[in-house]
Amino acid sequence: MRMRVFLLIILFLLSLSAPCYSESEGDSMPGEFSTPDGMVYVAVMDPLAEENACKCINGFAQRDYKELSSYLAFRISCSVKVVFCNDIADAKIKIDRMPDFIIGKRSVIEFDDSKNDYNLTNIAMLTGKEGLTTLTGLVVVRKDDPAKKVSDLKGKKILFGPADCDEKYYAAIKLVQKAGVKIKKPQISPDCFAAAKEVASGKADAAVISNYALPLMYGCQTLEKGALRIIAETKPVPFVGVYAAEHIDFPALTTVQEALFDMVEEKKMLKVLESKKGFVEPTKALVKTPLGIETASTTKKPKGKRVTNTGWVDFGGGTARNFYSKSVPKKLPGSVKFLWKKKLQGQSLGGVSATEKYVIVSDKTDGGKVDTWFCFDAKDGHKVWDVSYPAQAEMDYTSAPRATAVIYDDKVYLLGALGHLNCVNLTDGTPVWKCNILEKFKGELPTWGYCATPLIVDDKIIVMPNSPSAFLAALDVDSGDVIWKTPGRLQGYGNLIAATFSGKRQIIGYDSETLGGWDIATGKRLWELRPEEGNDFNVPVPVKIGERLLAATENNGTRLYRFNPDGTINKKITAINEDAVPDTASPVVSGETVWIASPAGMFCLDIKNDLKTVWHNDDEGFCDHANFIAGDGVVLILIKNGKIAIAPARPKPGYKLKTLTVIKSKDDFETELWSSPAMIGDRLYIRSENEIACLLLR
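Conventions we followed
Each chain has its residues counted from 1, following the order in which its sequence is written. Under the rules for a predicted model, residues below a pLDDT of 70 receive no local features and side-chain atom pairs below 80 are neither given nor counted, while totals for whole chains, interfaces and linings still include all residues. Side-chain measures were taken over the full set of non-hydrogen atoms in the model, leaving aside hydrogen atoms and water. Numbering goes from the N terminus for both helices and strands, where a helix is a DSSP run of H or I of at least four residues and a strand is a run of E of at least two. Between the two quantities, the radius of gyration covers C-alpha atoms and the globule rule is 2.2 Å times the number of residues to the power 0.38. Classification of residues uses two cut-offs on accessible area relative to the type maximum, computed with a 1.4 Å probe and protein chains only: under 20% is buried, over 50% is exposed, and between them is partly exposed. Note on definitions: a residue-residue contact is assigned when non-hydrogen atoms from the two residues lie within 4.5 Å. Residue burial considers only the protein chains on display, and all accessible areas are found by Shrake-Rupley using a 1.4 Å probe. Note that His is not counted, nor are the chain ends; the positive residues are Lys and Arg, and the negative ones are Asp and Glu. By convention, the point assigned to a charge is CZ for Arg, NZ for Lys, CD for Glu and CG for Asp. Two distance rules govern patches: like charges are joined within 9 Å, and nonpolar side chains (Val, Leu, Ile, Met, Phe, Trp, Tyr) within 5 Å, applied only to residues with over 30% relative accessible area and no salt bridge. In what follows, salt bridge is the name for a side-chain nitrogen of Lys or Arg lying within 4 Å of a carboxyl oxygen of Asp or Glu. Put simply, two rings from Phe, Tyr or Trp (the six-membered ring, in Trp's case) pair if the centres are within 6.5 Å, and we call them stacked under 30 degrees between planes, edge-to-face over 60, tilted for the rest. Two strands are counted as paired when DSSP detects at least two bridges linking them. Every axis in this analysis is a line fitted to C-alpha atoms, fitted for helices over the stretch in contact. Angles between the N-to-C directions lie between 0 and 180 degrees. In this analysis a 1.4 Å probe is tested at points of a 1 Å grid over the protein atoms alone, and where it fits but cannot get out there is a cavity; an open set with protein on both sides within 12 Å along at least five of seven lines is a pocket; lining residues have an atom within 4 Å of a point. Grid points are joined across faces, edges and corners, and a volume is the space filled by probe spheres set on the points. In this classification, Asp, Glu, Lys and Arg are treated as charged, Ala, Val, Leu, Ile, Met, Phe, Trp, Tyr, Cys and Pro as nonpolar, and every other residue, Gly included, as polar. Every residue carries a pLDDT, the predictor's confidence in it, which falls somewhere between 0 and 100. Look down the strands so they point away from you; if going from the first strand over the helix to the second traces a clockwise path, that crossover is right-handed.

Draft legend 1. Seen up close, the overall build of the chain. Looking only at helices and strands, the chain features 10 helices and 45 strands. Whereas a compact globule of 698 residues would reach a radius of gyration of roughly 26 Å, the chain reaches 28 Å, a difference of no more than 12%. Along the first, second and third principal axes, the C-alpha set of the chain runs to 85 × 75 × 50 Å. When the 698 residues of the chain are sorted by exposure, 59% land in the buried category. Here the contacts in the chain between residues at least 6 apart in sequence split such that 61% fall between residues at least 24 apart. Carbon together with sulfur atoms contributes 51% to the accessible area of the chain, which is approximately 29700 Å² in total. Side chains of the chain carry 89 positive and 87 negative charges; the gap between the two charge centres is 8 Å.

Draft legend 2. Geometry of a negative patch on the surface. On the surface, E532, E533, E578 and D579 cluster together to form a negatively charged patch. Mapping E578 onto the fold places it in the loop between β34 (569–577) and β35 (588–590). Owing to a relative accessible area of 64%, E578 belongs among the exposed residues under this scheme.

Draft legend 3. Region of the structure containing helix α4 (residues 106–116). When we look at burial in α4, the residues that qualify are R106, S107, V108, I109, D112 and D113. Those residues of α4 hidden inside the fold are in contact with α3 (88–95), β3 (101–105), β4 (121–126), β11 (237–238) and β12 (240–244). Looking at the residues trailing α4, positive phi occurs at D117, about 55°.

Draft legend 4. Quick look at the packing of aromatic side chains. Here the structure, examined in full by the defined rule, presents 16 aromatic pairs. Taking 5.4 Å as the distance between ring centres and 15° as the angle between the ring planes, the aromatic pair formed by Y212 and F239 counts as stacked. A residue pair is termed long-range when its members are at least 10 positions apart, and Y212 in the loop between β9 (206–210) and α7 (213–219) and F239 in the loop between β11 and β12 qualify at 27 residues. Ring centres of W448 and Y493 lie 5.3 Å apart, and the angle between their planes is 75°; this geometry places the pair in the edge-to-face category. Remark: Y493 occurs in the loop between β26 (482–486) and β27 (497–501) and W448 occurs in the loop between α10 (437–440) and β23 (455–457); sequence separation between them is 45 residues. Using a relative accessible area of 29% as the deciding quantity, one classes W448 as partly exposed. These aromatic residues form a ring-pair network of at least three members: W340, F374, F376 and Y685.

Draft legend 5. Representation of the sheet that holds strand β40 (residues 634–639) in the model. Pairing is antiparallel in the open sheet, where four strands are placed in the order β39-β40-β41-β42. Of all strands in the sheet, those bounded by a partner on one side alone are β39 (626–630) and β42 (659–661). Strand-to-strand twist in this sheet, taken as the mean axis angle between neighbours without regard to direction, amounts to 20°. Sheet topology places strand β41 (residues 643–648) next to β42; three bridges connect them, and they run antiparallel. For I644, the partnering residue across the bridge sits in β42 and is L660.

Draft legend 6. Inspection of the sheet that holds strand β25 (residues 472–476) at higher detail. Strand order in the open sheet formed by four strands is β23-β24-β25-β26, and the pairing between neighbours is antiparallel. Of all the strands in the sheet, just β23 and β26 have a single pairing partner and so form its edges. Pairs of neighbouring strands in the sheet enclose a mean axial angle of 20°, with direction left out of account. Summarising the sheet, β25 and β26 pair through four bridges and their orientation is antiparallel. Opposite A474, over in β26, you have W484 as the bridge partner.

Draft legend 7. Focus on the layout of surface pockets. Of the volumes computed, that of the second largest pocket is approximately 730 Å³. In terms of residues, the lining of the second largest pocket owes the most to one element, β39, which gives three residues. The class makeup of the residues in the lining of the second largest pocket is 15 nonpolar, 11 polar and four charged.

Draft legend 8. Summary view of helix α5 (residues 170–178). A171, A172, I173 and V176 are the residues of α5 that are buried. At the exit of α5 stands G180, carrying a positive phi of roughly 90°.

Draft legend 9. Spotlight on the confidence of the model for the chain. With 90% of its residues at a pLDDT of 70 or more, the chain has an overall mean of 87. Across residues 1–31, where pLDDT falls below 50, the model places 41 contacts with residues more than four positions away in sequence or in other chains. Here residues 283–303 is a poorly scored stretch, pLDDT under 50, and it has 41 contacts once near neighbours within four places are set aside; other chains count.

Draft legend 10. Up close: the environment of C423. As for its position among the elements, C423 is in strand β21 (residues 420–425). A residue is classified by how much of its surface remains accessible, and C423, at 1% relative accessible area, is buried. On a C-alpha basis, the gap between C423 and K434 in space is 5.9 Å, while along the polypeptide they are 11 residues apart. If sequence neighbours within four positions are ignored, C423 has contacts with K411, V412, Y413, T430, P431, V432, W433 and V477.

Draft legend 11. Region of the structure containing the pairing of strand β1 (residues 39–44). With five of its six residues buried, β1 lies for the most part within the structure. Taken together, the six bridges between β1 and strand β2 (residues 79–84) define a ladder with parallel strand orientation. Residue pairing in the sheet places A43 in a bridge with V83 of β2. Following the backbone out of β1, through helix α2 (residues 65–76) and into the adjacent parallel β2, one traces a crossover that is right-handed. Relative to β3, β1 runs parallel, the two sharing three bridges. Following the sheet pairing, V44 is matched in β3 by I103.

Draft legend 12. Spotlight on the side chain of E691. Summarising the element assignment, E691 is placed in strand β45 (residues 691–696). Despite its burial, E691 pairs with no opposite charge; the closest candidate is K341, at 4.1 Å N-O. Leave out the neighbours within four places in its chain, and E691 touches K341, K342, K343, L344, I663 and I686.

Draft legend 13. Seen up close, the environment of V313. One can find V313 in the loop between β13 (279–280) and β14 (338–343). Separated by 47 residues in sequence, V313 and I360 have C-alpha atoms that sit 9.4 Å apart. Sequence-distant contacts of V313, defined by excluding residues within four places in its chain, comprise G318, S353, A354, T355, A405, V406 and I407.

Draft legend 14. Layout of unusual backbone geometry. The residue S77 is not glycine, and still its phi comes out positive at about 55°. Note on placement: S77 falls in the loop between α2 and β2.

Draft legend 15. Focus on the pairing of β25. Among the five residues in β25, four count as buried, and that is most of the element. Taking the residues between adjacent antiparallel strands as the criterion, β25 and β26 are bridged by five residues, where G480 takes a positive phi near 85°.

Dropping the structure here:
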């Protein structure tokens with residue numbers, strides 16, 4: 001009996017110490033992964049990882065990356081395994097393929113990348129205990145050496161580190177040469193411990209070691225404390241970076257990047273990774289040495305490689321276009337409070353895009369003759385810049401832009417309803433390049449104009465020119481040059497997505513008659529699916545749910561499809577709901593449910609139970625159109641009639657939706673909210689017919 005009680009106590013204590021992020025509830029989160037073995041591998045080369053360093057100092061060089069794997073597994077709803085290694089080749093041997101992500105010293109990873117052409121992308125940097133993303137090299141001599149400064153080392157034997165360690169090689173050589181010490185051929189020591197031992201024993205006069213290494217040498221008693229003396233310090237260089245492999249698509253990359261950035265709010269994760277601020281963007285790396293020397297950041301984006309912007313930077317939020325934000329609150333605020341509002345001149349169906357600094361929205365000005373794109377300051381709503389061009393045509397809901405501005409790298413891409421495509425700088429709106437896709441590809445102006453927001457994938461901007469010779473066209477994001485075009489039917493009115501099924505990355509969307517997939521590299525059509533009933537407008541965006549695709553249209557209901565091993569769609573419907581028939585609103589997945597607004601009302605469907613209706617509301621105000629943003633266990637709903645609501649992701653039958661009126665009709669003019677909103681933290685940016693408003697949700 002005592003033994004049984006003892007075992008129960010042990011099991012209870014083990015459960016308390018288990019990782020907080022070991023399991024994920026529901027189906028996959030937005031930005032899912034498709035890997036050959038169903039596993040996401042993270043290769044860790046960080047010299048301060050517990051498995052890569054000694055345990056001589058409590059709380060230092062004991063970073064727990066296994067805990068990070070549990071956290072990522074929870075956030076991306078996929079199995080994550082950490083592999084500790086010396087280099088990428090070592091990782092490939094251990095897992096028998098290229099790892100999906102690599103974490104380690106930036107200079108080491110990029111040196112390896114340059115030699116082997118892995119084409120990695122730096123997506124984040126890890127801050128240390130002081131909040132820095134950098135390290136330095138220390139020039140050390142014996143404690144009794146007469147040298148006081150680097151210039152005293154002329155004619156002396158100085159040991160540098162390997163060429164892939166910037167702090168011990170390039171930055172160190174530059175420091176020494178600047179002091180007037182000539183270096184004909186650097187003498188290299190394989191690691192800091194070996195270099196320090198040579199100096200301490202008198203076999204070398206000086207050495208350059210990493211600034212994190214000296215405490216470890218003293219801690220593990222490799223050297224007697226105080227045996228070496230620091231006489232100089234190099235300029236800082238970036239330290240630990242996170243890199244995505246070439247095969248990771250943009251939605252998946254963005255999901256991981258956002259999960260890493262969100263870690264700043266997880267105190268437990270900050271502690272186990274010995275980090276003050278968690279992961280940050282490479283372009284925001286703070287450069288400051290422990291000696292107090294500040295300089296401009298040395299973190300530069302390698303040519304051809306970019307870091308995805310965070311925020312609501314695309315239709316649906318990010319490159320995954322999944323309308324998900326972890327910031328959706330659990331309940332509505334007690335009252336309506338706007339941070340700021342700005343009047344607009346005309347109706348525009350285009351959505352809002354935003355970062356922490358900028359909010360971008362379209363307008364129709366000069367009596368409906370001109371398209372104008374405004375960039376407002378996110379803090380107070382003052383205008384930062386605007387871009388205008390003549391664009392006059394008779395069209396339902398005016399000929400204002402329907403597409404959402406796409407923020408990518410340091411640029412913004414603006415597509416008007418009449419085909420005007422402008423690429424401008426994000427900070428000031430100055431032009432980079434422009435074209436008119438209607439004229440460029442000899443297309444046919446769609447009845448309701450160009451509606452699809454351009455899709456950016458692999459440095460290509462994908463547009464639908466509505467031309468028999470160019471159903472799709474890929475342009476270079478930097479120059480606007482045509483990379484490829486592919487013939488086909490005329491376009492549908494919905495947005496494209498980029499997704500991977502059965503290991504095949506592809507563009508997925510509608511033409512005027514069918515659903516299809518196209519190769520990202522060439523534009524070649526891979527498959528097509530013709531629904532049983534014709535004449536759909538094909539507006540709602542298809543949604544990736546694990547290895548299945550959800551399609552929802554007004555004449556064919558809401559369906560789920562699987563894919564064949566070659567990445568083509570299996571035309572057999574695996575689940576269907578014939579009541580949920582959206583015509584303009586895109587479905588949004590939240591955990592195990594999918595939310596849909598249609599003329600037949602608002603629906604919540606059970607994904608795991610063949611899309612059966614969990615909850616339905618067909619009251620007059622909830623029919624037709626609504627925009628959804630999925631959160632963690634909740635869904636924010638922006639209804640066409642100017643009201644918002646927050647509901648549980650899986651409401652019980654009969655659940656009464658509580659609403660809050662945020663946009664009121666004026667002067668007998670009924671306000672309608674068609675544009676998709678943007679959400680950044682507790683701010684919801686709403687575009688009504690005559691204004692853009694920043695609503696505070698907390």
